[in-house]
Amino acid sequence: MTGATRAGQAGDGVAVTTQGLPAWLDPVVEAVRTVRPTQLSRFLPPASGRGRQSAVLILFGEGAAGPELLLIERAGTLRSHAGQPSFPGGALDPEDGDPHDSGPLRAALREAEEETGLDPAGVQLFGVLPKLYIPVSEFVVTPVLGWWREPSPVAAVDPAETARVFTVPVADLTDPANRAVTVHPSGHQGPAFLVESALVWGFTAGVIDRILHFSGWERPWDRTRQVPLDWRA
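Residues numbered from 1 in each chain as written. Predicted model: local features only at pLDDT ≥ 70, side-chain atom pairs only at ≥ 80, totals over all residues. Heavy atoms only, no water.

Chemist: Any chance you could break down the sheet that holds strand β14 (residues 226-228) for me, citing the residues and the numbers?
Modeler: With mixed pairing, the four strands of this open sheet are ordered in space as β13-β12-β11-β14. In the strand order of this sheet, the two ends are held by β13 (198-200) and β14, each with one partner. Strand-to-strand twist across the sheet, computed as the mean angle between neighbouring axes with direction ignored, equals 40 degrees. Pairing geometry for strand β12 (residues 189-195) and β13, over three bridges, is antiparallel. Counted as the bridge partner of V195 is A198 from β13. Across the sheet, helix α5 (residues 202-214) is in contact with β11 (179-183), β12 and β13; its angle to β12 comes to roughly 85 degrees. (Pairing = 2+ DSSP bridges. Helix = DSSP H or I, 4+ residues; strand = E, 2+ residues; numbered from the N terminus. Axes fitted to C-alpha atoms, helices over the stretch in contact; angles between N-to-C directions. Contact = heavy atoms within 4.5 Å.)

The structure is reproduced here in structure tokens:
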């Protein structure tokens, strides 16, 4: 898979198309088409091929407050990234297929259904970002973008994995009052969003930050505002 938005069928039949999308998604489509891996993150997959192949679903919908994103809060008992808000997603299973072709597309939809009860039939996949890397868990992550063409009820399916499922208006993500920089005990700093009673940080916040930036949706915000992370984060 490449970072470019592709129309038609990917590999073994998973449709990826930009046809019929709402006009407000046009800047995102263009950003996906043109963005380079190094513009998204300094953490890229190791050249050695090491890392566990995984995928996340970046799902845009339209709610009462306008465009929105679907997020989950991971259960606090999980071994990795416990308690963190994130995109639905997870590791590829063998039945998902080739990790370098349509496997991430299938994995993103499957994981979203398993975690939130989402009906994949109502999701139109319209783009794929370059693979990124999460060093702490050694996941090689393919971000898959979708349009929630036909919304379906969602909720935490398994409390052992997902604490809650929620949507965040894009307007709240772009509101400067909701933006900050997290400071990890290790010294690492990264973008964060304080929305829906949650602190969105780490990989998820980094990808949202770059999508907002390259889509031209970002508004000037106070980059000196810092939020310390607990030592267990």
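Now that the structure has been shown, the text picks up again.
Chemist: I'd like a rundown of the confidence of the model for the chain, residues and numbers included.
Modeler: Do not read the predicted coordinates in detail wherever pLDDT is low. Taken as a whole, the chain shows an average pLDDT of 90; of its residues, 90% reach a score of 70 or greater. Taken together, the stretch residues 1-11 has pLDDT below 50 and engages in 36 contacts with residues farther than four places along the chain or on a different chain. (pLDDT = per-residue confidence, 0-100.)

Chemist: Before we move on, can you summarise the side chain of D209 with the specific residues and values?
Modeler: Of note, D209 is situated in helix α5. Residue classification places D209 among the buried positions, given a relative accessible area of 6%. A polar contact of 2.7 Å, which involves the side chain of D209, links it to the side chain of R179. The residues touching D209, leaving out its near neighbours within four places in the chain, are R179, P191, F193, E218 and W221. (Buried < 20%, exposed > 50% of the residue type's maximum accessible area, 1.4 Å probe, protein only. Polar contact = N/O pair within 3.5 Å; in protein donor to acceptor, adjacent residues only side chain to side chain.)

Chemist: Outline unusual backbone geometry, listing residues and values.
Modeler: Its identity is not glycine, yet E138 carries a phi of approximately 60 degrees, on the positive side. In this fold, E138 is placed in the loop between β8 (132-134) and β9 (139-148). Positive phi outside glycine occurs at E196, with the angle close to 50 degrees. Residue placement: E196 occurs in the loop between β12 and β13.

Chemist: Break down the nonpolar core for me, with residues and values.
Modeler: Ranked by internal contacts, the top residues of the largest apolar core, which has 37 residues, are V28, I58, F60, F126, L129 and L145. Here this core takes five residues from α5, the largest share from any one element. By size, the runner-up hydrophobic cluster in this structure holds 20 residues, among which are L70, I72, V123 and V144. (Core = buried A, V, L, I, M, F, W, Y, C linked by side-chain atoms within 4.5 Å.)

Chemist: I'd like a description of the pairing of β12, backed by residues and values.
Modeler: Where β11 lies against β12, five bridges are found, and the strand directions are antiparallel. When the bridges of β12 are listed, V183 appears paired with Q189. Where β12 folds back onto β13 in an antiparallel hairpin, the turn is made up of two residues, including E196, whose phi is positive at roughly 50 degrees.

Chemist: Quick rundown of helix α3 (residues 103-116)? Include the residues and the values.
Modeler: The terminal C-alpha atoms of α3 lie 20 Å apart, and with 14 residues this matches the ideal 20 Å at 1.5 Å per residue to within 8%. Counted residue by residue, α3 has 11 buried out of 14 residues, so it is predominantly covered. (Expected span 1.5 Å × (residues − 1).)

Chemist: Kindly report on the environment of Q53, identifying the contributing residues and their values.
Modeler: For Q53, the location among the structural elements is in strand β3 (residues 52-63). On a C-alpha basis, the gap between Q53 and K131 in space is 9.3 Å, while along the polypeptide they are 78 residues apart. Setting aside its immediate chain neighbours within four residues, Q53 contacts A91, L92, P99, H100, K131 and V140. In this structure the side chain of Q53 is engaged in a polar contact, spanning 3.2 Å, whose partner is the side chain of K131.

Chemist: Describe the pattern of salt bridges, listing the residues and the values that go with them.
Modeler: Under the definition given, this model contains 12 salt bridges. The residue R110 makes a salt bridge to E114 at a minimum N-O spacing of 3.3 Å. Placement of both R110 and E114 in helix α3 is noted, with a separation of four residues, approximately one turn of the helix. Judged by its relative accessible area of 14%, R110 is buried. Note on E114: relative accessible area 42%, which makes it partly exposed. What emerges from the salt-bridge pattern is a single network uniting D93, D96, R110, E111 and E114. (Salt bridge = Lys/Arg side-chain N within 4 Å of Asp/Glu carboxyl O.)

Chemist: Can you explain helix α1 (residues 26-34)? Please cite residues and give values.
Modeler: Among all positions in α1, only V28, V29, A31 and V32 are buried. Down the axis of α1, the sector holding all buried residues measures 160 degrees, keeping them to one side. For α1, the elements touching its buried residues are β3, β7 (123-128), β9 and α5. (Arc of directions from axis to C-beta.)

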